[in-house]
Amino acid sequence: MRFRHPDGSIVHLSYCTNVHPAETLDGVRTQLRDHCEPVRRRLGRDRLGIGLWLAREAARVLINDPAELRALRAELDSRGLEVVTLNGFPYEGFGADEVKYRVYRPDWTEPERLAHTTDLARLLAALLPDDVTEGTISTLPLAWRTPYDTEPAAARTARAALTTLAQRLDALAELTGKSIRIGLEPEPGCTVETTADAIAPLTEVGHERVGICVDTCHLATSFEDPDTALDALTAAGIPVVKSQLSAALHAEHPHLPEVRTALAAFAEPRFLHQTRTSTAAGLRGTDDLDEAVAGGALPDSTPWRAHFHVPLHAPPAPPLTSTLPVLRATLARLVGGPVPLTRHLEVETYTWQALPAELRPRTRTQLADGIAAELTLARDLLVDLGLKELP
């Protein structure tokens, strides 16, 4: 979906396909047929943006077979789908029964991460619509904090990899005329947990094609104030390459038994749901929601937030809620001013099938309805901010 900002530039809105597990190219094609095109039809649009997730196996097939890449591009066109952004964070296995800590490997100290991201950049340059010259890729925020934070050489290795990537992106732009930018995506528990944590390493890399991806669920989980975060990035000259529109789980009164019971329903075995609370002494947290719910690990006199991407249009029932207000405030800063801070927005609720059983979509139709409802909410927010939806 495309929108014209009051300054005349185009802002793209998509939804991320990592909600549909697929490791192979055939699986990706099935996604396009069974999920993406039906969502487009529900929205009544001739064209729908998707934030494509390509697992390592699918990416390698496309890199090694130009005919397969041309065929994928043709299929996107025929189904009314366009790709201006990729989710390069998960490497493989995102549809596994248990993902947890595996999603952080390989990290930016390992050569596989650089090789995969380079492949994704080459693929995105080929998949961009003919009238679009800029693509974006979100990626792992360097590494999970351990053992990275205790290895002196880790930061140097990661910085060198990002510098090499930036040089390759420059060469790709010269070759193709397409500018691909990479955004580190701060996430609780990682060595870059907050936007503030991103400033130093990105300043050291010092390249316009390497910036930040602001995920509004992660921002909220870490209790970051959107204005403070974005002001600091602007002052440091760090570009917001893209933003993922998502909402975290919020518990205002975690000391109450009924709140603990409600939170426990969201503690599930597939993904990590890092949980945080902001105290007078600073941010406190656990790696997963079940650790917090069990008691003793977190103070419960202040609100808790958990890294669980809840559907934008359907916050959980009381006594829980979502951090949609943080998304609204962030979006207003990102695209509500005289010039947009980013032009690529991506709805990323990948946890539909991890919701408590009674909230999960039971059919492809229900899932498509839910994703379309999320995109409708995002569209309405953009229109309210003065952007004009384009055909």
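On a predicted model such as this, the values are computed, not experimentally measured, just so you know.

Counting secondary structure elements, the protein chain contains 13 helices and 15 strands. Taking 391 residues into account, the globule formula puts the C-alpha radius of gyration at 21 Å, and the protein chain, at 20 Å, falls close to it. Along the first, second and third principal axes, the C-alpha set of the protein chain runs to 55 × 50 × 45 Å. Within the protein chain, buried positions represent 60% of all 391 residues.

Sheet architecture is open: five strands sit in the order β11-β10-β12-β9-β13, paired in antiparallel fashion. Each of the sheet's edge strands pairs with one partner strand only, and the pair in question is β11 (282–286) and β13 (320–322). Sheet twist, expressed as the average angle between the axes of neighbouring strands with direction ignored, equals 30 degrees. In this sheet, β13 lies alongside strand β9 (residues 247–251) in antiparallel orientation, the contact comprising three bridges. Bridge pairing in β13 links His-250 to Thr-321.

The full count for this structure, using the stated rule, is eight aromatic pairs. Between Phe-271 and Tyr-350, the aromatic rings sit 5.0 Å apart at their centres with planes inclined by 75 degrees, giving edge-to-face as the arrangement. Taken together, the positions of Phe-271 in the loop between α10 (257–264) and β10 (275–279) and Tyr-350 in the loop between β14 (344–347) and α13 (364–384) put the pair 79 residues apart, joining distant regions of the chain. One aromatic cluster in this structure is built from Trp-53, Phe-94, Phe-271 and Tyr-350. One cation-aromatic arrangement involves Arg-305 over Phe-223; the distance from NZ or CZ to the ring centre is 4.4 Å.

It is worth spelling out the pairing of strand β4 (residues 81–87) at this point. Summarising burial for β4: seven of the seven residues are buried, a large majority. One ladder, built from four bridges, connects strand β3 (residues 48–52) with β4; its direction is parallel. Bridging across to β4, Gly-51 finds its partner in Thr-85. One ladder, built from three bridges, connects β4 with strand β5 (residues 134–139); its direction is parallel. Its bridge partner being in β5, Leu-86 is matched across the sheet by Ile-137. Handedness of the crossover joining β4 and β5 through helix α4 (residues 111–127): right-handed.

Inspection of the secondary structure assignment puts His-5 in the loop between β1 (2–4) and β2 (10–16). Overall, the relative accessible area of 2% leaves His-5 in the buried class. A distance of 3.0 Å separates a polar atom in the side chain of His-5 from the backbone oxygen of Gly-337. When neighbours within four sequence positions are excluded, His-5 is seen to be in contact with Val-11, Val-335, Gly-337, Pro-338, Val-339, Pro-340 and Leu-387.

On to the packing of helix α1 (residues 25–43) against α13, then. Where α1 meets α13, the closest approach of the two axes is 9 Å, and the angle between their N-to-C directions is 55 degrees. Considered as vectors, α1 and α13 are oriented oblique to each other. The two elements α1 and α13 meet at a crossing, and its hand is right-handed. The segment α1 lies against α13, with Asp-34, His-35, Pro-38, Val-39, Arg-42 and Leu-43 engaging Arg-364, Thr-365, Leu-367, Ala-368, Asp-369, Ile-371, Ala-372, Leu-375 and Thr-376. The residue inventory of the contact of α1 with α13, partitioned by class, reads eight nonpolar, three polar and four charged.

Turning next to the nonpolar core. With 115 residues, the main nonpolar core has Leu-13, Tyr-15, Trp-108 and Leu-375 as its most contacted residues. Looking at this core element by element, the count peaks at nine residues for α13. When residues no more than four places from it in sequence are discounted, the contact partners of Leu-13 are Met-1, Phe-3, Gly-49, Leu-245, Leu-345, Val-347, Leu-375, Ala-378, Arg-379 and Leu-382.

Excluding glycine, residues mostly carry a negative phi; peptide bonds, for their part, are mostly trans. The omega torsion of the bond from Arg-105 to Pro-106 falls at -10 degrees, within 30 degrees of zero and hence cis. Along the chain, Pro-106 turns up in the loop between β4 and α4. Cis rather than trans, the peptide bond between Thr-146 and Pro-147 has omega equal to 0 degrees. Inspection of the secondary structure assignment puts Pro-147 in helix α5 (residues 145–148). The backbone phi angle of Phe-223 is positive, close to 55 degrees, even though this residue is not glycine.

With that settled, the discussion passes to the pattern of salt bridges. Using the criterion set out here, one finds 32 salt bridges in the structure. Between Asp-119 and Arg-60 there is a salt bridge, and its shortest N-O distance comes to 2.6 Å. Of this pair, Asp-119 sits in helix α4 while Arg-60 sits in helix α2 (residues 56–64), and the two are 59 residues apart along the sequence. By relative accessible area, Asp-119 is classed as buried at 5%. In this structure, Arg-73 and Asp-77 form a salt bridge, with 3.6 Å as the shortest nitrogen-oxygen distance. Residue Arg-73 and its partner Asp-77 are both found in helix α3 (residues 66–78); the two are separated by four residues, about one turn of the helix.

How each quantity is defined
- Residues numbered from 1 in each chain as written.
- Predicted model: local features only at pLDDT ≥ 70, side-chain atom pairs only at ≥ 80, totals over all residues.
- Heavy atoms only, no water.
- Helix = DSSP H or I, 4+ residues; strand = E, 2+ residues; numbered from the N terminus.
- Rg over C-alpha atoms; globule rule 2.2 N^0.38 Å.
- Buried < 20%, exposed > 50% of the residue type's maximum accessible area, 1.4 Å probe, protein only.
- Pairing = 2+ DSSP bridges.
- Axes fitted to C-alpha atoms, helices over the stretch in contact; angles between N-to-C directions.
- Phe/Tyr/Trp six-rings, centres within 6.5 Å; stacked < 30°, edge-to-face > 60°.
- Lys NZ or Arg CZ within 6 Å of the ring centre and 35° of its normal.
- Right-handed = clockwise from strand over helix to strand, strands pointing away.
- Polar contact = N/O pair within 3.5 Å; in protein donor to acceptor, adjacent residues only side chain to side chain.
- Contact = heavy atoms within 4.5 Å.
- Parallel < 35°, antiparallel > 145°, perpendicular 65-115°, else oblique.
- Left-handed = near helix turned anticlockwise from the far one by under 90°.
- Nonpolar A, V, L, I, M, F, W, Y, C, P; charged D, E, K, R; others polar.
- Core = buried A, V, L, I, M, F, W, Y, C linked by side-chain atoms within 4.5 Å.
- Salt bridge = Lys/Arg side-chain N within 4 Å of Asp/Glu carboxyl O.

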